Amino acid sequence: PAAEEVLGESIVKLLSEQPYEKRKQAALEIEAKVREALARTGGIAQVLKILDCLRRVYVESPQGNHKKGGLIGLASVAIGLESEIGQFLPQLVLPVLELFKDDDPRVRYYACEALYNISKVASESVLAHFNAIFDGLCKLYADVDTEVKNGVQVLDRLMKDIVTECAPKFRVTEFAPLLAQRMVFRNPFIRQLVLAWITLLLKVPEVDMVRHVPQFLEGLFNMLGDQSRDIRHNADACLSELLRGVASIHYEGALQIVAETAEILVRCCSASDACSRLTALCWLHQFVHLEVRQGRPGGPDGRWLAILPAVLRGTLQCIDDQEEEIARMAVEINGGLLEMVQVGGGAPVGALVDQLLESMRHDSRVVGTACLQWVCMLLEQSPAQMLRGETLHRLFAPIFDALRSEDDEVVVAALRVLAQIMEGRDAGEDGLEAEGGDLFTVVAHRLLALFASDRPMLEARGRLMIRQLCGHLSPRRLYATVARAIQREGDLELAQQLVQTFGWVLLTAAETRALREELLEPAAEEAPGGLFLELLEPWFHNPVSALALCLWAQQYELAAELTARLAAFEPTLDLLKQLDQLVHLLESPVFARLRLRLLEPRRHPALLKCLLGLCMLLPQAGAFAVLRARLLV
């Protein structure tokens, strides 16, 4: 039907006039016409005709005045409908929203005004179209026209009032995905709008925003790096409030959120923005605290165990952060994760090993130490899985690489791991029998191979590494295994250096005290498998070390014979240096027993002969003077 038939000639004429007063007069007539229609039977059909006419003839018209007239006409229909507006909302709201995209700023302004009037009448009924309206708000919040911005802000306040008053009718489940989509935009006005709505909804008890946090959490984190200080502050405030909300809900609900947000938080742990990294760690810290506090008898929930490798990845990424607060928080989280797994068990060993191997590629002391700490814990918790051949083959390379680290803390941690592996079951069960027969021998041989390939490391760190291993393992078994390996060593120079290093530790370290006491047992050298006999032949690769061993074991006749044979050796600088060290070693507290025996030369003539022989071999310098002074006492 023609517009005149539906609206009347007067309204048609006035509605398209340029002066606002004339369009306003037309609006009042439309309002009266709608009221009359509703009072008659079949009035709904008449109202639909009016709405259709306003849409076709005015709203969709290319002329600006017609559009303005159509908008004011739709608003007047809404006012006339009053409580009956609910069934007509699609015909009222959607045409108005279309004009939010109009090129004319005046049309966009009138569209805001029209939707305001429609929403004012509709009240809670308009919530059925909230997503479409919010989408329109986002478009106009970034508008370049000041009046349009003012208009949309007024409309926004009205929508907030309606949502607050009619919160039980608000469909947050449908709104959350749209919220997440709009957070992608970098426009500061849109971001402020989104943050304002989140802030509002978090304060409305009837709206459960916390349950939907996985959908828009990443968007909030992205805003922490915004150029605007206000946006950063508001995003941080929202995240803090959301975290408090997660911490306050029941365990099952919180656990579900933990499972759904873990990957997001882990990604944020590698953000370039320090605030994002710190906030992500705060969330992870709270998540770990919730699980540890829960203290389930059977260990962590399966959902937690599933995300554990990812959470560990995020933690290790920050554990050596340049920002002290970030690094400290990561260390606390790492400790909480270790406690969680140690107490409960059931860790996904394969996935954790994969993650630890990946993290150990980073050249960082803190990361390396933390990874080795995890390997130690897994060896204690799940030895059967960790000591499988396939797993060990993957672990050996990074662990032995860690031994090359310049940092003592990393080296000590790696040695602790190796010690735990060496205490494992027979290597034959895991396909490692070709390397030595048991894990102890396998690791010992690999360690000697490392020394062979890196002689400077043996010289600089050898004593530290041997002492650490002796502190964690049976020193006797270690020395017996190494002695057999040295005996078969084809590289005589390496064998000599190994004997010198192991021999020094044997006679000086607190960790080898039990070995020294065993060497002093009566007739120990005559026992078929005695330690002295096990060490003696390999120790001959380094005559000075063999001499020191004999002196300690009170084998003075053999020591005297060795001293005599030293005369046949070329007096190289290295030999003289070792003899100098031996003399000073004899002056140390550990050899007090030997020095006391010099008071009984008739009972120990071979000892005196040995020491006098040493004097003859030494040039008349420092060590000679020390030994001569001792013999003259």
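Parameters and conventions
Note on numbering: residues in each chain are counted from 1, in written sequence order. For this predicted model, a pLDDT threshold of at least 70 governs which residues receive local features, and a threshold of 80 or more governs which side-chain atom pairs are given and counted, while totals over whole chains, interfaces and linings are taken from all residues. To obtain the side-chain values, all non-hydrogen atoms of the structure were used and water was disregarded. The helix count covers DSSP runs of H or I at least four residues long, the strand count covers runs of E at least two residues long, and both are numbered beginning at the N terminus. Between the two quantities, the radius of gyration covers C-alpha atoms and the globule rule is 2.2 Å times the number of residues to the power 0.38. Burial classes follow relative accessibility: with a 1.4 Å probe on protein chains only, a residue under 20% of its type's maximum area counts as buried, one over 50% as exposed, and anything between as partly exposed. Computed with the Shrake-Rupley method and a 1.4 Å probe, the accessible areas treat only the protein chains shown as cover for residues. Residues scored as positive are Lys and Arg, those scored as negative are Asp and Glu, and His as well as the terminal groups of each chain are ignored. Throughout, a charge is located at the NZ atom of Lys, the CZ atom of Arg, the CG atom of Asp or the CD atom of Glu. Summary of the metric used: pLDDT quantifies the predictor's per-residue confidence within the range 0 to 100. The contact criterion used throughout is that any non-hydrogen atoms of two residues lie within 4.5 Å. Both site types are read off a 1 Å grid over the protein atoms alone. A 1.4 Å probe that fits but cannot get out defines a cavity, while an open set with protein on both sides within 12 Å along at least five of seven lines defines a pocket; lining residues have an atom within 4 Å of a point. Grid points are joined across faces, edges and corners, and a volume is the space filled by probe spheres set on the points. Note on residue classes: Ala, Val, Leu, Ile, Met, Phe, Trp, Tyr, Cys and Pro are nonpolar, Asp, Glu, Lys and Arg are charged, and everything else, Gly too, is polar. One less than the residue count of a helix, multiplied by 1.5 Å, gives the span that helix is expected to have. Here a polar contact is recorded for every N or O atom pair within 3.5 Å, except that within protein the pair must consist of a potential hydrogen donor and a potential acceptor, and residues adjacent in sequence are included only if both atoms are side-chain atoms. Throughout this description, the term salt bridge denotes a Lys or Arg side-chain nitrogen within 4 Å of a carboxyl oxygen of Asp or Glu. A domain assignment, automatic or from a database, supplies the domain bounds used here. UniProt positions are given in the numbering used here, feature names are shortened, and annotations may be inferred rather than shown by experiment. By nonpolar core we mean a set of buried residues, namely Ala, Val, Leu, Ile, Met, Phe, Trp, Tyr and Cys, connected to one another through side-chain atoms within 4.5 Å. Axis definition: a line fitted to C-alpha atoms, limited for helices to the stretch in contact. Angles are taken between N-to-C directions and run from 0 to 180 degrees. By definition in this entry, angles of less than 35 degrees are roughly parallel, angles greater than 145 are roughly antiparallel, angles of 65 to 115 are roughly perpendicular, and the rest are oblique. Handedness of a helix crossing follows the sense of rotation of the near helix relative to the far helix, less than a right angle counterclockwise being left-handed and clockwise being right-handed. Note that a disulfide, as used here, is simply two cysteine sulfur atoms within 2.5 Å.

Novice: Where do I start with the overall build of the chain in this structure?
Specialist: Of the regular secondary structure elements, the chain holds 34 helices and zero strands. Its C-alpha atoms give the chain a radius of gyration of 42 Å, more than 25% over the compact-globule value 26 Å for 633 residues. Overall size of the chain, expressed as C-alpha extent along the three principal axes, is 140 × 45 × 40 Å. The 633 residues of the chain split such that 52% are buried. Carbon and sulfur atoms form 50% of the exposed surface of the chain, whose accessible area is close to 28700 Å². Computing the positive centroid from 65 side-chain charges and the negative centroid from 83, the chain places the two 2 Å apart.

Novice: Can you help me understand the confidence of the model for the chain in this one?
Specialist: Where the model shows low pLDDT, its predicted coordinates should not be examined in detail. For the chain, mean pLDDT is 90; residues scoring 70 or higher make up 96% of the total. Confidence over residues 427–431 falls short of pLDDT 50; this stretch has 12 contacts with residues more than four positions distant or in other chains.

Novice: What am I meant to see in helix 18 (residues 349–359) here?
Specialist: An α-helical segment advances 3.6 residues per turn. Residues three or four places apart therefore align on the same side. Along helix 18, the residues classified as buried are Val 349, Leu 352, Val 353, Gln 355, Leu 356, Leu 357 and Ser 359. Looking at the buried positions of helix 18, the neighbouring elements they touch are helix 16 (302–318), helix 19 (365–381), helix 20 (383–386) and helix 21 (389–402).

Novice: Sorry, what's going on with unusual backbone geometry here?
Specialist: Note on backbone geometry: most residues besides glycine have negative phi, and most peptide bonds are trans. Positive phi, normally seen in glycine, also occurs at Glu 82, with a value near 55°. Note on Glu 82: relative accessible area 43%, which makes it partly exposed. Its identity is not glycine, yet Gln 554 carries a phi of approximately 65°, on the positive side. Tracing the backbone shows Gln 554 in the loop between helix 29 (543–552) and helix 30 (556–566). According to the relative accessible area criterion, Gln 554 is partly exposed, its value standing at 25%.

Novice: How do you make sense of empty space enclosed by the protein when you look at a structure like this?
Specialist: Gaps left between atoms show up when a probe the size of a water molecule is rolled over them. All told, the structure shown has four cavities of 30 Å³ or more when counted by the stated rule. There is about 130 Å³ of room inside the largest cavity. Lining the largest cavity are Gln 500, Gly 503, Trp 504, Leu 507, Val 544, Ser 545, Ala 548, Gln 578, Gln 581, Leu 582 and Leu 585. Counting residues per element, the ones that place at least two in the lining of the largest cavity are helix 26 (492–508), helix 29 and helix 31 (573–586). Each residue belonging to the lining of the largest cavity can be placed in one class, and the counts come to six nonpolar, five polar and no charged.

Novice: I would appreciate a short explanation of helix 11 (residues 188–202) in the present structure.
Specialist: The terminal C-alpha atoms of helix 11, which comprises 15 residues, lie 21 Å apart, in line with the 21 Å expected from a rise of 1.5 Å per residue. Within helix 11 the residues assigned to the buried category are Ile 190, Arg 191, Leu 193, Val 194, Leu 195, Trp 197, Ile 198, Leu 200, Leu 201 and Leu 202. Capping the start of helix 11, Asn 187 holds a side-chain oxygen 2.8 Å from the backbone nitrogen of Phe 189, two or three residues further along.

Novice: Whenever I open this one, the side chain of Lys 68 confuses me. Can you help?
Specialist: Relative to the assigned elements, Lys 68 resides in helix 5 (residues 64–81). The side chain of Lys 68 sits in the buried core without any salt bridge; Asp 104 is the nearest counter-charge, 4.5 Å away. In this view, Lys 68 contacts Arg 23, Asp 104, Arg 106, Val 107 and Tyr 110; residues no more than four positions away in its chain are not counted.

Novice: I tried to follow the pattern of salt bridges on my own but got confused; where do I start?
Specialist: Oppositely charged side chains can pair when the atoms bearing their charge come close. Under the counting rule described, the total for this entry stands at 39 salt bridges. A salt bridge links Glu 147 to Arg 106, with the nearest nitrogen and oxygen atoms 2.3 Å apart. Placement of the pair is Glu 147 in helix 9 (residues 146–165) and Arg 106 in helix 7 (residues 105–122), with a sequence separation of 41 residues. The partner of Glu 511 in a salt bridge is Arg 467, with the nearest N and O atoms 3.0 Å apart. On the criterion of sequence distance, the pair formed by Glu 511 in the loop between helix 26 and helix 27 (513–519) and Arg 467 in helix 24 (residues 455–472) is long-range, its members being 44 residues apart. The network of salt bridges with common partners includes Asp 52, Arg 55, Arg 56 and Glu 60.

Novice: Looking at this structure, how should I read the domain arrangement of the chain?
Specialist: How big an interface is tends to be expressed through the accessible area that disappears when the partners come together. Taken domain by domain, the chain comprises domain 1 (1–168) and domain 2 (544–632). With centres defined by C-alpha atoms, the gap from domain 1 to domain 2 works out at 109 Å.

Novice: What is the right way to look at the UniProt feature "repeat: HEAT" (unreviewed entry) in the chain in this model?
Specialist: Here the UniProt-annotated "repeat: HEAT" (unreviewed entry) positions come out as residues 92–130. Helix makes up 67% of residues 92–130 and strand 0%, and the two end C-alpha atoms of the span are 13 Å apart.

Novice: Can you walk me through the nonpolar core in this structure?
Specialist: One broad trend across soluble globular proteins is that nonpolar side chains are buried collectively. Formed by 236 residues in total, the largest nonpolar core has its most connected members in Phe 134 and Trp 283. No fewer than three residues from each of domain 1 (1–168) and domain 2 (544–632) sit in this core. Setting aside residues up to four positions removed in sequence, Trp 283 forms contacts with Val 213, Leu 217, Phe 221, Leu 239, Leu 242, Leu 243, Val 246 and Leu 265.

Novice: Any chance you could explain the environment of Thr 481 here in plain terms?
Specialist: Among the secondary structure elements, Thr 481 is positioned in helix 25 (residues 475–487). Taking the C-alpha atoms as reference points, Thr 481 and Lys 160, separated by 321 residues in sequence, lie 78 Å from one another. Look past the residues within four positions of Thr 481 in its chain and what remains in contact with it is Phe 440, Thr 441 and Ala 444.

Novice: I would appreciate a short explanation of the environment of His 233 in the present structure.
Specialist: For His 233, the location among the structural elements is in helix 13 (residues 229–248). Classification of His 233 by relative accessible area gives exposed; the value is 52%. Remark: the alpha-carbon pair of His 233 and Met 223, spanning 10 residues in sequence, is separated by 9.2 Å.

Novice: Looking at this structure, I do not really get the environment of Glu 332. What am I missing?
Specialist: Structurally, Glu 332 is set in helix 17 (residues 324–344). Residues Glu 332 and Ile 319, spaced 13 residues apart in sequence, show a C-alpha to C-alpha distance of 9.3 Å.

Novice: Looking at this structure, I do not really get the packing of helix 8 (residues 130–141) against helix 10 (residues 172–182). What am I missing?
Specialist: Packed helices, taken two at a time, are described by the angle their axes make and the gap between the axes. Across the interface, helix 8 lies against helix 10 with an axial gap of 10 Å and an inter-helix angle of 15°. Classified by the angle between their axes, helix 8 and helix 10 sit roughly parallel to one another. Helix-helix and strand crossings are classified by hand; for helix 8 and helix 10 the assignment is right-handed. Touching Phe 130, Asn 131, Phe 134, Asp 135 and Cys 138 of helix 8 are Glu 174, Phe 175, Leu 178, Leu 179 and Arg 182, all from helix 10. Partitioning the contact of helix 8 with helix 10 into residue classes produces six nonpolar, one polar and three charged.

Novice: What's the story with the packing of helix 26 against helix 31 in this structure? I'm lost.
Specialist: One can describe the packing of helix 26 onto helix 31 by two numbers: an axis separation of 12 Å at closest approach and a directional angle of 10°. Taken together, helix 26 and helix 31 sit at an angle that is classed as roughly parallel. For the pair helix 26 and helix 31, the contacting residues are Gln 496, Gln 500, Trp 504, Leu 507 and Thr 508 in the first and Asp 574, Gln 578, Gln 581 and Leu 585 in the second.

Novice: Hey, could you run me through the state of the cysteines in this one?
Specialist: In a disulfide, the sulfur atoms of two cysteines are held together by a covalent bond. Under the defined criterion, the tally for this structure stands at zero disulfides. The structure places no disulfide on Cys 371, whose sulfur is separated from the nearest cysteine sulfur, that of Cys 376, by 12 Å.

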